Amino acid sequence: MIICSLDLGKFKSVACFFDTENQTYRFETILTKVSHVNHLFESNDIDLVVMEACGPSGWISDVCHQRKLKTIVCSTNDEAWSWKNTKRKTDRDDALRLAKMAMMKDLTSVHVPSPEIREQRAIIKYRKNLDYRITRIKNGIRSTFANRGIEIDTGARAWNTGRAHIDSHRKPIDQCGPDDLWKGQLDSELKQLDELITEMESIEQRLELFAVDNAHIQRVMTIPGVGRKTAEMLVATIDDPHRFKSARHISSYLGMTPRQYQSGEMDRSGRISKRGPRMLRSMLLECAWASLRYNEWSKLTFKRIHGGSTTRRKKAGIALARKIAVVAWAMMRDETNWNASKLIADVEQVGAPEPNDEDATEKAKTGSKEEAPRNGATARPLQRAKPKPPGPIHSEEPKRAASQPKKSPRRKSRRSPMKT
């Protein structure tokens, strides 16, 4: 079996051809271009192509699929990539190490989305970048007016009804004098702001057309409190819902499961891992807080998790965001729309308080009888959790002898002032 492992770079890449039968290998350096990659695959007999997940891995994996080559794109966040104690690290060493790990099947492969999904993810990230640039320019304009003591409208009114007041201070830079150069700077900033807003509107129109044609986005938008932007980002990240085995799998992929450190009798759970897409986690958290106003299931779930404690509200918000992602994934997998009655019934059943001994005593005093089970069902006895046994006794001996008197704490004596 011949394994071709690629250590990809921006301008050049190193290919290692590793023969698993006799443990021999050779290297070849190529440019990271489509023509050079095609020539590499044509001039060599390859059974498996292995590469790391990076920028060029998308189009290189497409070339491999066109040639029907078995491909593995591995994650660099895996434990197998911890090479801190190596004495030498070169491109050839990395390619050879990658081939050896592929032979031992010690690599974690990642999902490579289709070119359409990759383009959708790229345009969503670019929209976020445009929004950041627009906000930065607006804050710069506000700072310019504040530093000169000129008042403008607050909030969104400054860019709607208050835009005429802002435009009255702008002036082309070639017409500005030595004392009002800030007006030329304002004119340049406003031109950039108008261009970015126009570009943002065109991108939003294109994404709206894509959302109308995508059945998964329309299905996720049926969840009360989930808008188009969150739905399209969630659908683009999940891509194929059947590649996740369970709700725990999708939660771990999004980085919303707690970290775990277990050794011996110690089992500690920390904060969430944050290993997945950061933008999606922030959008899901904002969606979770917004859904408390429109979604009855979100209200009941949030109330059940934090239990009335003010210190657990943020944790409950993160847990609610994870549940929204899991519900959206299940809807995409089963191709079903939002069903609030079923989810609310499940939450009420989980959060229903169990009857205690005081309730049973009160019923016995009043003589009230429980209703007989319907449809001939037999009544189940109430199962209570067994009390926990007492902790281990580390030592039977007292800490101090009985005859030894207890020492009183020493008090600091206050010195009297010296007599003069």
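See the structure printed just above.
Residues numbered from 1 in each chain as written. Predicted model: local features only at pLDDT ≥ 70, side-chain atom pairs only at ≥ 80, totals over all residues. Heavy atoms only, no water.

1. A short note on the pattern of salt bridges
Part 1 of the argument: This structure, assessed with the given rule, holds 18 salt bridges.
Part 2 of the argument: A salt bridge links E42 to R67; the nearest nitrogen and oxygen atoms lie 2.9 Å apart. A residue pair is termed long-range when its members are at least 10 positions apart, and E42 in helix α1 (residues 34-42) and R67 in the loop between α2 (57-66) and β5 (70-74) qualify at 25 residues.
Part 3 of the argument: Residue E42 is classed as exposed on the basis of its relative accessible area, which comes to 56%.
Part 4 of the argument: R163 is the partner of D167 in a salt bridge, and the nearest nitrogen-oxygen pair spans 2.9 Å. Taken as a pair, D167 and R163 lie in helix α5 (residues 163-167) at a separation of four residues, close to a single helical turn.
Part 5 of the argument: What makes D167 partly exposed here is its relative accessible area of 27%. (Salt bridge = Lys/Arg side-chain N within 4 Å of Asp/Glu carboxyl O. Helix = DSSP H or I, 4+ residues; strand = E, 2+ residues; numbered from the N terminus. Buried < 20%, exposed > 50% of the residue type's maximum accessible area, 1.4 Å probe, protein only.)

2. Quick look at the packing of aromatic side chains
Part 1 of the argument: Evaluation of the coordinates by the stated rule reveals six aromatic pairs.
Part 2 of the argument: Ring centres of F18 and Y25 lie 6.4 Å apart, and the angle between their planes is 15°; this geometry places the pair in the stacked category.
Part 3 of the argument: According to the relative accessible area criterion, Y25 is partly exposed, its value standing at 43%.
Part 4 of the argument: Between the aromatic rings of W289 and F302, the centroid separation amounts to 5.7 Å while the plane-to-plane angle is 70°, which identifies the pairing as edge-to-face. Here F302 lies in helix α11 (residues 296-306) and W289 lies in helix α10 (residues 278-291), a separation of 13 residues in the sequence.
Part 5 of the argument: Relative accessible area serves as the criterion here: at 34%, W289 is assigned to the partly exposed category.
Part 6 of the argument: One aromatic cluster in this structure is built from F18, Y25 and F27.
Part 7 of the argument: Taking the ring centre of Y253 as reference, the NZ or CZ of R243 above it sits at 4.9 Å. (Phe/Tyr/Trp six-rings, centres within 6.5 Å; stacked < 30°, edge-to-face > 60°. Lys NZ or Arg CZ within 6 Å of the ring centre and 35° of its normal.)

3. Focus: the pairing of strand β7 (residues 266-272)
Part 1 of the argument: In this structure, strand β6 (residues 258-263) lies alongside β7, joined through five bridges in antiparallel fashion. Counted as the bridge partner of S263 is M266 from β7.
Part 2 of the argument: Where β6 folds back onto β7 in an antiparallel hairpin, the turn is made up of two residues, including G264, whose phi is positive at roughly 65°. (Pairing = 2+ DSSP bridges.)

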